[in-house]
Amino acid sequence: MKKTIYLLLLSLSTFGFAQVKDISFTASPFVDYTFYDKQSGLENATSVGGKIGFGFGEYVEIRAVYMQSLGLKTRFSDFGIIGYDEGTFQSQDVDLIRWGGEFKTNLGKGRFIPYLTLGSGVQNIAIKDGADFDQIYTSLGLGFKTKLTDRIVFTIEGKYNNYNFNAGENLLTEQNKNDFGVTNADFETNGLTNWSAQASLQFYLGGRKPGTMSELDKAYYSKFSNGFKGIQWIIEPSINYIKFDDKSLFKDTYLMGLYAGFDFNQYTGIRAFYLQASENEQISTSFDHLSMYGLEFRARLNDGNGVTPYLILGGGILNTQSNYLGKTNTAVDSEEFASAGLGLNIPLSKHILITGGARGMITSAADVADLSSPDNLQTHIMYNAGIKLSFGGKKTNPNTIYAAQLSEQLNIKDKETQVYIDEKIAQNNADNTNKIATLKQEYQDKLDGLETDLEKAKANDDIDKAVVILEQKKTAQNALEEVAQIEKKAIEKKEAQQLKVIAAKQEIKTVANDSIAPIVNKTVKDSIVSTPVTTLAKESATKTVVTTQVPATTVKTTNNNPVEYIRLTPAELESLIDQVMETNKTNYNNALENEKIKKRVDVLEKALLEKNKPAAKKK
């Protein structure tokens, strides 16, 4: 039951992140191979385990860790015992279990991403059918990860592990101690350094996918890409009180000192601390021979501007000097500890806050009633209160991030829509150019026909018909020249519009994929009417395209054979073409302006739905 409580205490900070936006839940089964210290009394072995936790954006993760050894045995061949005999050595089966918490920070972005881990917790070494022993361990790791799929990541990591243990006294059998001529007095507790290689698969089971950048990730990246200019530096003068476990050798005491570090953003931060104990369990400047130092990771549970709670995960060392005397005037060795807790910030001004909290601290030490007994886990409670002073870069307000992100999306959508409109205008101009080319060809065909008719009239000596044809030929020739001039202007306008579209594409590097091809009737028919006739072809409720029929007239000759001649002056022709181009442009602009408004409304509706989404219920 105690082990369960310790595990819950150390992983408290991990599960608190369920209330923060833009997080992802992670699960990581892993395999570990450890190269144990020669003074550990253990042979190298494989372990398996798992990690569960939360990814806080793309750069910060915090996890609970569990690890179980496989086939671990004792080994003393390299321990340095003078009378050691491999032939009489009795190896014992051992189980090594660890549970604790781990902080992880990714050091970049890309295909292969290096990362750093820092962890602490409780380790249990149990002899099969024998005694078991608890220690506090610390770990430091360096590795890299690479994405296999959208939600599966492969990691390889090298780890440095440290714990204090008296292997000779605790793991050698009594028979071997007699055989080797040693006693418990010949052994002492040592700080043991173990190295391990670890490989894992990390599954992202919900929330943000790995490799995607949230607003807070962008804030992280912006700050660190500019050095430490955006970091907010923190100093916290503090008064602390520790109520030690009744079985502990340490005396209850006040400690005065300082927490100092920085906040990455409005949610997370790092603190290093140094505290000095005072004498006689009083707040004073008469200091005892006990100090405390270490490192803490802090995470706020909301993003409000008022009173805000925060979680604490950390560890360090209770450092005793040679003349420190604990309970019953007993000398006490320094101890490592792991801690987790809850704090509260109360703002007084923009850069000054009152801060305080409570932490559970776990150490591994001998009982005050029996100094010769194996080390046991002991739980202590620490309280602190102080003033938080912040300096440097501003914290980014979440509403500011949200508003900036929304504005950016709207601007992008506006530019995309403008490119869409420009493309439609360019397409419309191209269609009008095609219309002009069709008219030009038809005038040319008429001229060719008139030339043929003129030759026939001359051959038949039909003077009246020849005169009419010559007049019509002159009019058609003038009209053809006018069409050529209008065609030249249209080409220049088309080229200018195309250059505008290309420039806009280069500016935003994206355009709308969907396009609506206008319905244009490119066939121009002759009809016996005296005025231009305009026809509306409806494509949708918001869009119409104009097509035009060219007027013509019929003249009867002396042999009663009807001949069609164009009855359209150059001025009427230019007016007609301008009408076509202007009407189409107006219709397109109206329809596409509606499309622009619709897209902006879609962005705003999506943003409002996201903004007003109900927050996850606290468990």
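Residues numbered from 1 in each chain as written. Predicted model: local features only at pLDDT ≥ 70, side-chain atom pairs only at ≥ 80, totals over all residues. Heavy atoms only, no water.

Some points on the overall build of the protein
Step number 1: In terms of regular secondary structure, the protein is built from eight helices and 21 strands.
Step number 2: Relative to its 619 residues, the protein shows a buried fraction of 46%.
Step number 3: Summarising the internal contacts of the protein: among those between residues at least 6 apart in sequence, 67% fall at separations of at least 24.
Step number 4: When the accessible surface of the protein is totalled, it reaches about 30800 Å², and 56% of it is carbon and sulfur. (Helix = DSSP H or I, 4+ residues; strand = E, 2+ residues; numbered from the N terminus. Buried < 20%, exposed > 50% of the residue type's maximum accessible area, 1.4 Å probe, protein only. Contact = heavy atoms within 4.5 Å. Areas by Shrake-Rupley, 256 points an atom, 1.4 Å probe, with all protein chains shown as cover.)

Here we look at the confidence of the model for the protein
Step number 1: When pLDDT is averaged across the protein, the result is 75; 66% of the residues are at 70 or more.
Step number 2: Ignoring residues within four places in sequence, the model shows residues 1-21, a span with pLDDT below 50, making 57 contacts including any to other chains.
Step number 3: Under a pLDDT of 50 for its full length, residues 615-619 has, in the predicted model, five contacts with residues more than four places off or in other chains. (pLDDT = per-residue confidence, 0-100.)

Let's talk about the side chain of Lys388
Step number 1: Relative to the helices and strands, Lys388 resides in strand E17 (residues 376-392).
Step number 2: Accessibility expressed as a relative area gives 3% for Lys388, which makes it buried.
Step number 3: Separated by 3.4 Å, the side chains of Lys388 and Asp263 make a polar contact. (Polar contact = N/O pair within 3.5 Å; in protein donor to acceptor, adjacent residues only side chain to side chain.)

Considerations on the packing of aromatic side chains
Step number 1: One pass over the structure, following the stated rule, counts 16 aromatic pairs.
Step number 2: Considering the side-chain rings of Tyr163 and Phe165, the 6.4 Å spacing of their centres and the 50° angle between planes classify their relative orientation as tilted. Each of the two residues, Tyr163 as well as Phe165, counts as buried.
Step number 3: Three or more aromatic residues link up through ring pairs in this structure, and these residues are Phe76, Phe79, Tyr84, Phe89, Phe180 and Phe187.
Step number 4: Over the face of the ring belonging to Phe30 we find Lys51, whose NZ or CZ atom lies 5.2 Å from the ring centre.
Step number 5: Of note, Arg298 hangs over the ring of Tyr259, and the distance from its end group to the ring centre comes to 5.2 Å. (Phe/Tyr/Trp six-rings, centres within 6.5 Å; stacked < 30°, edge-to-face > 60°. Lys NZ or Arg CZ within 6 Å of the ring centre and 35° of its normal.)

A closer look at the nonpolar core
Step number 1: Membership of the largest hydrophobic core comes to 27 residues, with the highest contact counts inside it found for Leu42, Phe76, Ile81, Tyr163, Phe165 and Leu171.
Step number 2: Residues Phe244, Phe273, Ala277 and Tyr324 belong to the second largest nonpolar core, which totals 17 residues. (Core = buried A, V, L, I, M, F, W, Y, C linked by side-chain atoms within 4.5 Å.)

Thoughts on the sheet that holds strand E15 (residues 335-347)
The strands making up a sheet associate through backbone hydrogen bonding, with each pair oriented either parallel or antiparallel.
Step number 1: What the eight strands build is a closed barrel, ordered E10-E11-E12-E13-E14-E15-E16-E17; its pairing is antiparallel. The average undirected angle you get between the axes of adjacent strands in this sheet is 25°.
Step number 2: Of the strand pairs in this sheet, strand E13 (residues 287-300) and strand E14 (residues 308-320) are connected by 11 bridges, and their pairing is antiparallel. Opposite Arg298, over in E14, you have Ile312 as the bridge partner. (Pairing = 2+ DSSP bridges. Axes fitted to C-alpha atoms, helices over the stretch in contact; angles between N-to-C directions.)

Describing the pairing of strand E5 (residues 93-106)
Step number 1: Among the 14 residues that make up E5, 12 are buried, leaving the element largely enclosed by the rest of the structure.
Step number 2: Across nine bridges, strand E3 (residues 60-70) lies against E5 in antiparallel orientation. When the sheet's bridge partners are listed, Ile62 is paired in E5 with Phe103.
Step number 3: The sheet contact formed by strand E4 (residues 72-73) and E5 spans two bridges and is antiparallel. Considered in E5, the bridge of Lys73 is made with Asp93.
Step number 4: Judged from the 13 bridges that link them, E5 and strand E6 (residues 112-127) form a sheet pairing that is antiparallel. Residue pairing across strands places Phe103 opposite Leu118, the latter belonging to E6.
Step number 5: Where E5 folds back on E6, the antiparallel hairpin that results is connected by five residues, among which Gly110 adopts a positive phi of roughly 135°.

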